[in-house]
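Overview (structure and organization)
Here is what each chain is made of, one letter per residue.
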Amino acid sequence: MDRIIVHMDLDTFFVSCERLENSKLVGIPVIIGGGDRGVVASCSYEARYFGVHSAMPMKMALRLCPDARVIRGDMEKYSKLSSLVTQVLEDSAPIVEKASIDEHYLDISGIDRFFGASKWTLELMEKVQKETGLPVSYALSVNKTVAKIGTGESKPAGKIEIPQDRIKPFLNPLSIKKIPMLGEATYRLLSRIGIRYIHTLAEMPVDVLQQMIGKNGAELWKKANGIDYSPVEPYTERKSISTENTFGTDTIDLKLLRSVLSGMVEKLAFQLREEGWLTSTVTVKIRYSNFDTETKQCRVPYTSADHVLLSCVLDLFEKLYHRRMRIRLIGVRFTGLVRGNLQIRLFEDTEDMLSLYQAMDKIKHRFGPESVIRAEGFIKKRAHT
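This text gives an overview of the structure that appears in the document. (Residues numbered from 1 in each chain as written. Predicted model: local features only at pLDDT ≥ 70, side-chain atom pairs only at ≥ 80, totals over all residues. Heavy atoms only, no water.)

Here, disulfide denotes a covalent bond that connects the sulfur atoms of two cysteines. Per the counting criterion, the structure on display carries one disulfide. Between the sulfur atoms of cysteine 298 and its disulfide mate cysteine 312 the distance is 2.4 Å. Residues cysteine 298 and cysteine 312 are joined by a disulfide whose S-S torsion is about -75°; by sign, that bridge is left-handed. In this pair, cysteine 298 is assigned in strand 11 (residues 293–303) and cysteine 312 in helix 13 (residues 306–320), connecting sequence segments 14 residues apart. In this structure cysteine 298 comes out as partly exposed when scored by relative accessible area, which is 21%. Judged by relative accessible area, cysteine 312 falls into the buried class, the value being 10%. No disulfide involves cysteine 65; its sulfur sits 8.9 Å from that of cysteine 43, the nearest cysteine. The class for cysteine 65 is buried, based on a relative accessible area of 2%. (Disulfide = S-S within 2.5 Å. Helix = DSSP H or I, 4+ residues; strand = E, 2+ residues; numbered from the N terminus. Buried < 20%, exposed > 50% of the residue type's maximum accessible area, 1.4 Å probe, protein only.)

Put into structure tokens, the structure is as follows:
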């Protein structure tokens, strides 16, 4: 039996959240982002008409669209509305995966035995819009890749169905940029040899692709041919990543402890970005020499940026470590994970900061996670060499 997978995407989510509170923003260009040196976090379709897009420097965006209404943004508000949407979907759909703050996958395979899948999905879309006030687009197909591409083509507030026999005709004329997770570097590489459309990529020999771009070549070929067996994985707040360090000798050296924490955060934050996660909850754990164990946690806007997480971790450590006893073990844990790309403090950080992270991750990906480290973590590294 063919699977039936739905991808639901909240249209211009941050902008839509702001328009719920202020109807005067409807129909005008809106940009969500930081100050003059920041980047665009989101923008309305009216702003996109002038060439504005996400991650664009704010200065450039305002040159293109000087009359745009600029709003700094409120990640706490957006997170609450995102959770509300997730709840509506989970109340109706058998399997829901929260892919990011503004998109979800649903596996409704077999539902057409009792209900028409198209009718059921349309009714669910209308339910989300009614209960949250947020506009939604969706695509219905046989796998996650085709459904996600379909949603992109159906926006704004659109719907599309792509059955098995329509996948190739649908994908073939599209740009390879439409393929999820195909980055700018890969696009430039393929473009140089004339591969700009999906049909050309789909016809390439798999072994040639692997020689060009490495182990991801086969996966890219599958996506270009509309092949994707990845399951819809139910969303759960219990997903986490963590690391701990047990010292050979119990220590009270605060400089060393902070250095170890810095190294831990760098390692975990890089893992978040490599695997496509954002975290919303940070926990620090310490175990004293007498084996007493204490933890403390805090909430943060969804992020995977070292400097945001490190600041939170060090602050938690200062509040947690008050007994001045020697420490046997220290640990860091990130929970409340959702799928998403690098989101430093979009309303506060700069284009330069975003570029720095991209450059550091390229180096770490090629030469290893410890090939570039912060000065704060150098004491720990030196102590182990």
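The next thing to look at is the packing of aromatic side chains. The final tally for this structure, using the stated rule, is six aromatic pairs. Between the aromatic rings of tyrosine 49 and phenylalanine 50, the centroid separation amounts to 5.4 Å while the plane-to-plane angle is 90°, which identifies the pairing as edge-to-face. Owing to a relative accessible area of 40%, phenylalanine 50 belongs among the partly exposed residues under this scheme. Between phenylalanine 317 and tyrosine 321 the ring centres are 5.5 Å apart and the planes differ by 20°, which places this aromatic pair in the stacked class. You can call phenylalanine 317 buried: its relative accessible area is 1%. Tyrosine 321 gets classed as buried once you look at its relative accessible area, which sits at 2%. Each residue in the set Phe13, Phe14 and Tyr78 is aromatic and connected to the rest through ring pairs, giving one cluster. (Phe/Tyr/Trp six-rings, centres within 6.5 Å; stacked < 30°, edge-to-face > 60°.)

What follows is about the pairing of strand 11. Both strand 10 (residues 277–288) and strand 11 contribute to a ladder of eight bridges, which runs antiparallel. Its bridge partner being in strand 11, isoleucine 286 is matched across the sheet by glutamate 294. The loop that links strand 10 with its antiparallel partner strand 11 comprises four residues; one of these, phenylalanine 291, has a positive phi angle of about 75°. (Pairing = 2+ DSSP bridges.)

Turning our attention to unusual backbone geometry. Here the bond from lysine 155 into proline 156 is cis, since omega is -5°, no more than 30 degrees from zero. Mapped onto the secondary structure, proline 156 falls in the loop between helix 6 (144–154) and strand 8 (159–161). Even without being a glycine, threonine 12 presents a positive backbone phi close to 35°. For threonine 12, the location among the structural elements is in the loop between strand 1 (5–10) and helix 1 (13–21). Given the relative accessible area of 7%, threonine 12 is considered buried.

Moving on, we come to the side chain of glutamate 103. Within the fold, glutamate 103 resides in strand 6 (residues 103–107). Judged by relative accessible area, which is 12%, glutamate 103 ranks as buried.

Read across the sheet, five strands follow the order 5-6-1-7-8 without closing on themselves; strand pairing throughout is mixed. The open sheet is flanked by strand 5 (95–100) and strand 8, the only strands paired with a single partner. Recorded for the sheet is a direction-independent mean angle of 15° between the axes of neighbouring strands. Across five bridges, the pairing between strand 5 and strand 6 is antiparallel. Directly across from lysine 98, in strand 6, lies its bridge partner histidine 104. (Axes fitted to C-alpha atoms, helices over the stretch in contact; angles between N-to-C directions.)

Bringing the sheet that holds strand 4 (residues 69–71) into the picture now. Pairing between the strands of a sheet comes from backbone hydrogen bonds, and it takes one of two forms, parallel or antiparallel. Read across the open sheet, the three strands follow the order 3-2-4; overall the sheet is mixed. The sheet terminates laterally at strand 3 (40–43) and strand 4, the two strands that pair on one side only. Taken pair by pair, the neighbouring strands of this sheet meet at an average axis angle of 25°, ignoring direction. Pairing analysis gives three bridges linking strand 2 (residues 30–33) to strand 3, with the strands arranged antiparallel. What sits directly across from isoleucine 32, in strand 3, is serine 42.

Next up on the list: the nonpolar core. Counting residues in hydrophobic clusters, the biggest one holds 37 residues, and the most contacted among them are Phe13, Leu106 and Ile108. Mapped by element, the contributors of at least two residues to this core are strand 1, helix 1, strand 2, helix 4 (75–92), helix 5 (117–132) and strand 7 (136–141). When residues of this core are assigned to their parent elements, the largest contribution, six residues, is made by helix 4. The contacts of isoleucine 108, once residues within four sequence positions are left out, are Ile4, Val6, Pro94, Ala117, Trp120, Thr121 and Leu140. (Core = buried A, V, L, I, M, F, W, Y, C linked by side-chain atoms within 4.5 Å. Contact = heavy atoms within 4.5 Å.)

Let us now look at the packing of helix 4 against helix 5. Contact geometry of helix 4 with helix 5 gives a least axis separation of 10 Å together with a crossing angle of 145°. In this structure, helix 4 crosses over helix 5, and the sense of that crossing is right-handed. Packed against helix 4, whose contacting residues are Leu84, Val85, Val88, Leu89 and Ser92, the element helix 5 presents Trp120, Leu124, Lys127, Val128, Glu131 and Thr132 at the interface. Looking at the contact of helix 4 with helix 5 residue by residue, the classes come out as seven nonpolar, two polar and two charged. (Left-handed = near helix turned anticlockwise from the far one by under 90°. Nonpolar A, V, L, I, M, F, W, Y, C, P; charged D, E, K, R; others polar.)

Neither face of strand 2 is left uncovered, since the one carrying Val30 and Ile32 and the one carrying Ile31 and Gly33 both have all their residues buried. The pairing of strand 2 with strand 4 spans three bridges and is classified as parallel. From the neighbouring strand, valine 30 faces strand 4, where its bridge partner is arginine 69.

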